[in-house]
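# A structural walkthrough
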Amino acid sequence: MATMSADGIRIDYDDEGSGGPPLLCLTGWCSSRGRYDALVPVAAQHRRVVRFDWRGHGTSGDAGGDFGVDEMTRDALAVVDAAGLEEFVPVSASHSGWVAIELRRRLGDRVPKLVHMDWLMVPPSQPYMDVIRQLQSEERWPEARDTLFRIWRGGLDEPFLDPIFATMNRHGAEMWMRSGREIESGFVAAGSPFEALAALEDPPEVLHLYGQPRDPEYLERQEEFAARHPWFRVRRLDAHSHFAMAEAPEQAVTAIEEFLG
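Taken as a whole and assessed by the stated rule, the structure comprises 15 aromatic pairs. On the numbers, 5.6 Å between centres and 25° between planes, the contact of W29 with F67 is stacked. Residue W29 is found in the loop between β3 (23-26) and α1 (39-43), and its partner F67 is found in the loop between β4 (49-52) and α2 (69-83); the two are separated by 38 residues along the sequence. A relative accessible area of 2% places F67 in the buried class. Arranged with centres 6.1 Å apart and planes meeting at 85°, the rings of W98 and F187 form a pair that is edge-to-face.

Glancing now at unusual backbone geometry. The peptide bond linking G20 to P21 adopts the cis configuration, its omega dihedral lying at 0°. Examined against the element boundaries, P21 turns out to sit in the loop between β2 (10-16) and β3. In this model, Q212 is joined to P213 through a cis peptide bond whose omega is 0°. Positive phi, normally seen in glycine, also occurs at C30, with a value near 60°. Mapped onto the fold, C30 is located in the loop between β3 and α1. According to the relative accessible area criterion, C30 is buried, its value standing at 0%. Even without being a glycine, D118 presents a positive backbone phi close to 55°. Counting through the fold element by element, D118 comes out in the loop between β6 (113-117) and α4 (126-134).

In space, the eight strands of this open sheet follow the order β1-β2-β4-β3-β5-β6-β7-β8, with mixed pairing throughout. Every interior strand has two partners, whereas the edge strands, β1 (2-4) and β8 (232-236), have only one. Neighbour to neighbour, the strand axes of the sheet diverge by 20° on average, direction disregarded. Sheet topology places β1 next to β2; three bridges connect them, and they run antiparallel. Following the sheet pairing, T3 is matched in β2 by I11. Its contacts with the sheet put helix α9 (residues 216-228) on β7 (205-210) and β8, and the angle it makes with β8 is roughly 160°. Contacting β3, β5 (89-93), β6, β7 and β8, helix α11 (residues 249-260) runs over the sheet at an angle of about 170° to β7.

The terminal C-alpha atoms of helix α5 (residues 141-153), which comprises 13 residues, lie 18 Å apart, in line with the 18 Å expected from a rise of 1.5 Å per residue. Among all positions in α5, only W141, A144, R145, T147, L148, F149 and W152 are buried. Against α4, α6 (162-169) and α7 (173-190) lie the buried residues of α5. Of the residues one or two after α5, G154 is the one with positive phi, at around 60°.

Parameters at a glance
Residues numbered from 1 in each chain as written. Predicted model: local features only at pLDDT ≥ 70, side-chain atom pairs only at ≥ 80, totals over all residues. Heavy atoms only, no water. Phe/Tyr/Trp six-rings, centres within 6.5 Å; stacked < 30°, edge-to-face > 60°. Helix = DSSP H or I, 4+ residues; strand = E, 2+ residues; numbered from the N terminus. Buried < 20%, exposed > 50% of the residue type's maximum accessible area, 1.4 Å probe, protein only. Pairing = 2+ DSSP bridges. Axes fitted to C-alpha atoms, helices over the stretch in contact; angles between N-to-C directions. Contact = heavy atoms within 4.5 Å. Expected span 1.5 Å × (residues − 1).

Quick look at the structure:
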């Protein structure tokens, strides 16, 4: 299916399953809705699932110029309207979480809960930000991208990762440098996803599902945040890559269904 964004750009989306509240799957930078290929058939057994490609990504139309989180939010709203989603739960991959938060801010109770997957919830480390800044360099972006690829693989050499990385490799300097800019600006503006969520006037219930990093301290920091903010929950899945929805789809759907209740 396809719809037009507020900017007149074609946004392609899939609509599967039935039951509510529906899930709206948001993919990451330089990715496509194929990132959810393993999760959607499992999730659609329980409820309606809508997923789409951002402008300039996947099969959607060319972006026609620069864009960022504001334009991506307009893409998401176009799909929400076209699919007739009165109430829905965003399931965001990595930094598309900024769009999910913005959807809650704009639509209020129409977005009763948020599910974030594989996101850096805490303030970023200096080494991480160094890579993100390298990603914005015309000379160094391929090196930074490859560094991220090594981290995201988590030591795995599994077939399910091949189409994900193939899609990412189809994007060149312009999109990768844009992603670095938008990732950095999100952290600069908000500090961290934790701070952005806590700053909402009425924070919804939030679930974070992830596989990496496996560092126990990262889980402990999230559990400490949850103890101070009862609306937040976290679950580390039995996954080692940056793509928990592809590596452990059954576990992810089980956790989401328990969360939605």
